[in-house]
Amino acid sequence: MSAPAPSHHEGIRDDLFDPAFLGRVEQLALLARRMASSGTRANRRSRIVGSGIEFADHRGYTPGDDLRNVDWKLFARTERLNLRLYEEEEDLSVYFLIDRSTSMTMAPDGEKTLLDRALQVAAALSYIALSNLDRVAVVPFADKIAAPMRPVRGRAQFFKILRVLSDVPPGGRTDIQAAFNGWLRTQPRPGLAVVISDFFDSKGLGDALRLLTYRGFEPMVLQLVDRTLLDADVQGDLAIVDCETGETREIVLTPQLLARYRAAFEMLGHDVQRAASEVGARCLQIDLSVPFDDVVMRVFRAGGFLG
Amino acid sequence: MNALHVHELLTNSADLLRVSAAVLAAIVLLYLLRPRQRRVEVPFGGLWQRVLAESESRVVGRNLRRLLSFLLMLLIAGLLIATLAEPLFGHVTFGQRPEPARPHTVVIVDVSASMQTEDGQNGTRLAEAQAALRAWLLAGPPQEDVLLLAASGHAEVLAGWGSDRAALNDAVDRLHATDGGLDLRRAVDTAQQALAHRLSPRIVLVSDAGPAELPLDVTPPSAAQEQVAIEHLRVGPARAWQPGQPAPEPTLTNLAVGELRVRADPLDPGRGTLSVQIRNDSKAPVAAQLLLAGSDTAFDAATFGATDALRRIVDVDAPPGLSTQVVPGVDLTAARFAVQVRGKAGQHDVAPWDDWGFAVLAERRELGVLVVSGAPGVDPSAGNLYLAAALFAHGKVKVQHVAAADYRPETFAARDRARHGIDVVVLDQAGFALPEGTPGLILSLAGAPTETLRLAEGPELAVRNEDHPAMRGISFADTNFDKVRLIPPRPGDTVLAVAKPRGVVMVARQDGVRTIEWGIDLLETDLGARYAMPLLVSNALLWLVGQEESLVPPLLVGRPWAVDAPVDATWQYVEPGQKPRPARTSGRQLLGQSERHGVHVWQSDGDRLVARATVLAPTENPTLLRPWGQTVRTLPAAPQVARERLGLPRWSLWLLAAMVILSVEWVTYLRRRTV
């Protein structure tokens, strides 16, 4: 039985982005302002070799580098050419890469899906980013990007973000690497890439994150999980069907097998965290039962979003 | 539980087993056909693939398990088909088993009460039978298959088919005599069924009964219709009895207790008169003693023979044959009563098992009596004092008085007895009808003709039916009657007293409800002041409510019993000398069967007690030599039902095997992962 289509008001989903939600988002934005330094310019530091004034690091000289950046004092001491790196202050682009695949839409009748929660979290963080004068873009994906959105700036664009979020089409098969490859071919400006997904991808997450990092993005990983799906009350002969691929497997579900499935599920979470840490990205695992505002607060506390 | 019990259980429960088999088969088929798989949509099949990765490495084992499961299912289905087909096709389809070409013999050993008689060369007749049987087994062909049946009221298999002589001798050693009578028909019937489809069938009867006219032909229930040879192995006096010759005269010394009767004094139930039938099997009179014992708890010869149960010893002369000894003034205060007869000089009695008779005394309950007084000059609230005195003498009555003008018969109908508590209505000169269904005593001079009688001067009033319980111990000699009313007797009336030669003055009726009618008025006679009056009233009350007998009717040893009792409780049955066990019930009856002589007790969890004494089977007489050939020859030939009965255990085993395998499949189901 398919769920009824959500109602919209001026292109915005009522069930997700109601006035209470918007009010709570405003409160979160005020809170975010207190937690971060404020200014008219974007103040999030980007570790890019640039024209900033704050020293960041050294790196080895390679032919073609601007000789003006060579640290001659260091050369005098070590007789090795190194470039001085500065953290460039710039207005940041924040991309919300939202998994819209079928696995994100599984939930008991009438319950919120992982996709719903992802959209809410993305909306809240978008507002905060817009309030922080960052550029924001929403990039829904499954195995490819449907229609890339150009980044927008300013709080006035928040409702545009909400309309884009409300129009995210659910469904599709998860292939994160293929989706990111396709998106990166559109030459997006490097920035913060918040990947929100359940990461039910047989190819894993590591290659996709490495690809983002290679292209100059700073990834942040939000893994959404729904543990109620682990509390299966069925046993015996089952034909399990993958909701995305339609592949069927016959099993006899026993309590022992179910326990091993739960362990494998936890292991998947560890794999996601390991893949994120390999590229220096922050990773949060968020259960569906956690309210969206708590999720946002956890993102704040994890750091890296507010600068 | 021995083999016969199993066999009987299966045989007698044929219908139940069939119904159970059909239900079980349906359940099993539904189980086999149940939907094995449910489709469950999961968000990430890859995770399951990871979980099941190690199982994937055991593909061969998985396929083997699947194959095993499939084979188990096939086996269960095959067994179920065999189970269902077995009763239809019988032995033709599944039951026919190649039999070895060796003779089969069923040995029926009589273990009835008469086999306890100690006139054999080795002690009892049973011991003699055991010795003869051991010799017979020793002399028989070693390859002969033998089945040993112990027969009394029922047939018990002591040793199933086999040729192991040691096992058969062990079974012979286990033989023990019972107090029951011999049901030869049932024993031969069981033997016939056991011999079905067997080669060279033969029956050997070992008993103290008389010889049969050999050879006896019994048609076995087999397709081959092979004749069953029957041979006798006689013990006791019958050993010397040859077919066609007159039965030998037994020369035994044996005293036995036959029918036992007790008549309690209506006015003193604690005392009564004992009537004992004694059988003297010797040819000469024997000076004997009767040992009278009473107890509330004793149950057999041993417990009644204890000193504390002994009440009295009475010397009697027992002439040859049957005689009846009457002992007045017997103490009847105990609930149970027993009598033993023995030679006064301590003569050897060859059959001690028939020396005892047991009885359970009927409990006399309190009766509710409604006296309706209509006689002129009698205070209705007190009633007729002569009547009141007689009722008072009876003792266990609760009397209510009502004036004739206030009497409403419908108020005291029997269906409302629980409400008004009236068992008997006495109409004293009250011309009304009795309540519906309620017994009544009617004293009435009303109606014609009425005569004035004066004893010794005119017509004589005499008891007509002395055996009627209402007239026990009654004599009207010397009694004066001013007036009596002649009662026109109706068909079915029992005349109790007549005014010679004019007509009937007292009658008893029993047309659904008991009624006694006296054509007298206690104010017009001196009967009320005489001893006969309380006796008459007491006798009448007891007969009217069906308590005229002092003994509870006995049960026959060895036969199935059904005893009326309220079965709204849990009952335990106590066989004499045995531990209590749950009683079987049916409707409002307690069921039982035993081959022990004595007092049998059913006890409820509410401390209610039902006790019944037993009497021995009349056929169990150590001197009675019965030819039994005639019994065998009247057996029905080739009963078709026997074929199905013998098939039952086999198809039951099919079913049992299917159930066991199904259980294994069920229990191991979750452990056999089929991925």
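Scroll up to find the structure this text is about.
Everything numeric in this text was worked out from a predicted model, so none of it was measured.

### A closer look at the overall build of chain A
In step 1: Counting its secondary structure elements, chain A contains eight helices and 12 strands.
In step 2: Counting all 307 residues of chain A, 50% fall into the buried class.
In step 3: Expressed as a percentage of contacts within chain A between residues at least 6 apart in sequence, the contacts between residues at least 24 apart total 76%.
In step 4: Carbon together with sulfur atoms contributes 50% to the accessible area of chain A, which is approximately 14900 Å² in total.

### Describing the overall build of chain B
In step 1: Looking only at helices and strands, chain B has 14 helices and 31 strands in total.
In step 2: Burial analysis of chain B (675 residues in total) assigns 50% to the buried set.
In step 3: A fraction of 72% describes how many contacts in chain B between residues 6 or more apart in sequence connect residues 24 or more apart.
In step 4: In the form shown here, chain B has an accessible surface area of approximately 31700 Å², with 55% of it arising from carbon and sulfur atoms.

### Concerning the packing of helix α3 (residues 114-131) of chain A against helix α8 (residues 292-302) of chain A
Residue and element names in this part refer to chain A.
In step 1: At their nearest, the axes of α3 and α8 sit 9 Å apart, and the two run at 55° to each other. Considering their axes alone, α3 and α8 lie oblique with respect to each other. For the crossing formed where α3 meets α8, the hand is right-handed. Residues Arg-117, Gln-120, Val-121, Ala-124, Leu-125 and Ile-128 of α3 form the contact with α8, whose own contacting residues are Phe-292, Val-295, Val-296, Val-299 and Phe-300.
In step 2: Its residues assigned to classes, the contact of α3 with α8 shows nine nonpolar, one polar and one charged.

### What about the nonpolar core?
In step 1: Counting residues in each nonpolar core, the largest one holds 52 residues, and the members touching the most others are Phe-96, Leu-165 and Phe-305 of chain A.
In step 2: Sort the elements by how many residues they give to this core and α3 of chain A lands first, with 13 residues.
In step 3: Counting 41 residues, the second-largest nonpolar core is a separate cluster that includes Val-371, Leu-391, Val-484 and Leu-522 of chain B.

### So, empty space enclosed by the protein
Residues and elements named next belong to chain A.
In step 1: Here the structure, examined in full by the defined rule, presents two cavities of 30 Å³ or more.
In step 2: In this structure, the largest cavity spans a volume of roughly 60 Å³.
In step 3: Forming the boundary of the largest cavity are 11 residues, of which Leu-114, Asp-198, Phe-200, Val-225 and Asp-226 lie nearest the centre.
In step 4: Residue contributions to the lining of the largest cavity peak at three residues, all from strand β9 (residues 218-225).

### Examining the pattern of salt bridges
Any two side chains of opposite charge can pair if their charged atoms end up close together.
In step 1: Here the structure, examined in full by the defined rule, presents 33 salt bridges over all chains.
In step 2: With a shortest N-O distance of 2.8 Å, Arg-274 of chain A and Asp-271 of chain A are connected by a salt bridge. Pair noted here: Arg-274 of chain A and Asp-271 of chain A are both in helix α7 (residues 255-278), with a separation of three residues, about one helical turn.
In step 3: Exposure remark for Arg-274 of chain A: the relative accessible area of 46% places this residue in the partly exposed category.
In step 4: For the salt bridge of Asp-271 of chain A with Arg-50 of chain B, the shortest nitrogen-to-oxygen distance reads 3.5 Å. On the criterion of chain membership, the pair formed by Asp-271 of chain A in helix α7 and Arg-50 of chain B in helix α3 (residues 45-51) is interchain, its members lying in two chains.
In step 5: On the basis of relative accessible area, Asp-271 of chain A is assigned to the partly exposed category, the value being 23%.

### Description of unusual backbone geometry
Residue and element names in this part refer to chain A.
In step 1: Its identity is not glycine, yet Leu-133 carries a phi of approximately 65°, on the positive side.
In step 2: Assignment of secondary structure puts Leu-133 in the loop between α3 and β6 (135-141).
In step 3: Overall, Leu-133 belongs to the partly exposed group, its relative accessible area being 25%.
In step 4: The phi angle at Phe-199 is positive, at roughly 60°, despite the residue not being glycine.
In step 5: Position of Phe-199 among the secondary structure elements: in the loop between β8 (192-197) and α6 (206-214).

Cut-offs applied
- Residues numbered from 1 in each chain as written.
- Chains lettered and ligands numbered in written order.
- Predicted model: local features only at pLDDT ≥ 70, side-chain atom pairs only at ≥ 80, totals over all residues.
- Heavy atoms only, no water.
- Helix = DSSP H or I, 4+ residues; strand = E, 2+ residues; numbered from the N terminus.
- Buried < 20%, exposed > 50% of the residue type's maximum accessible area, 1.4 Å probe, protein only.
- Contact = heavy atoms within 4.5 Å.
- Areas by Shrake-Rupley, 256 points an atom, 1.4 Å probe, with all protein chains shown as cover.
- Axes fitted to C-alpha atoms, helices over the stretch in contact; angles between N-to-C directions.
- Parallel < 35°, antiparallel > 145°, perpendicular 65-115°, else oblique.
- Left-handed = near helix turned anticlockwise from the far one by under 90°.
- Nonpolar A, V, L, I, M, F, W, Y, C, P; charged D, E, K, R; others polar.
- Core = buried A, V, L, I, M, F, W, Y, C linked by side-chain atoms within 4.5 Å.
- 1 Å grid on protein atoms, 1.4 Å probe; cavity = no way out; pocket = protein on both sides within 12 Å on 5 of 7 lines; lining within 4 Å.
- Points joined across faces, edges and corners; volume = space filled by probe spheres on them.
- Salt bridge = Lys/Arg side-chain N within 4 Å of Asp/Glu carboxyl O.

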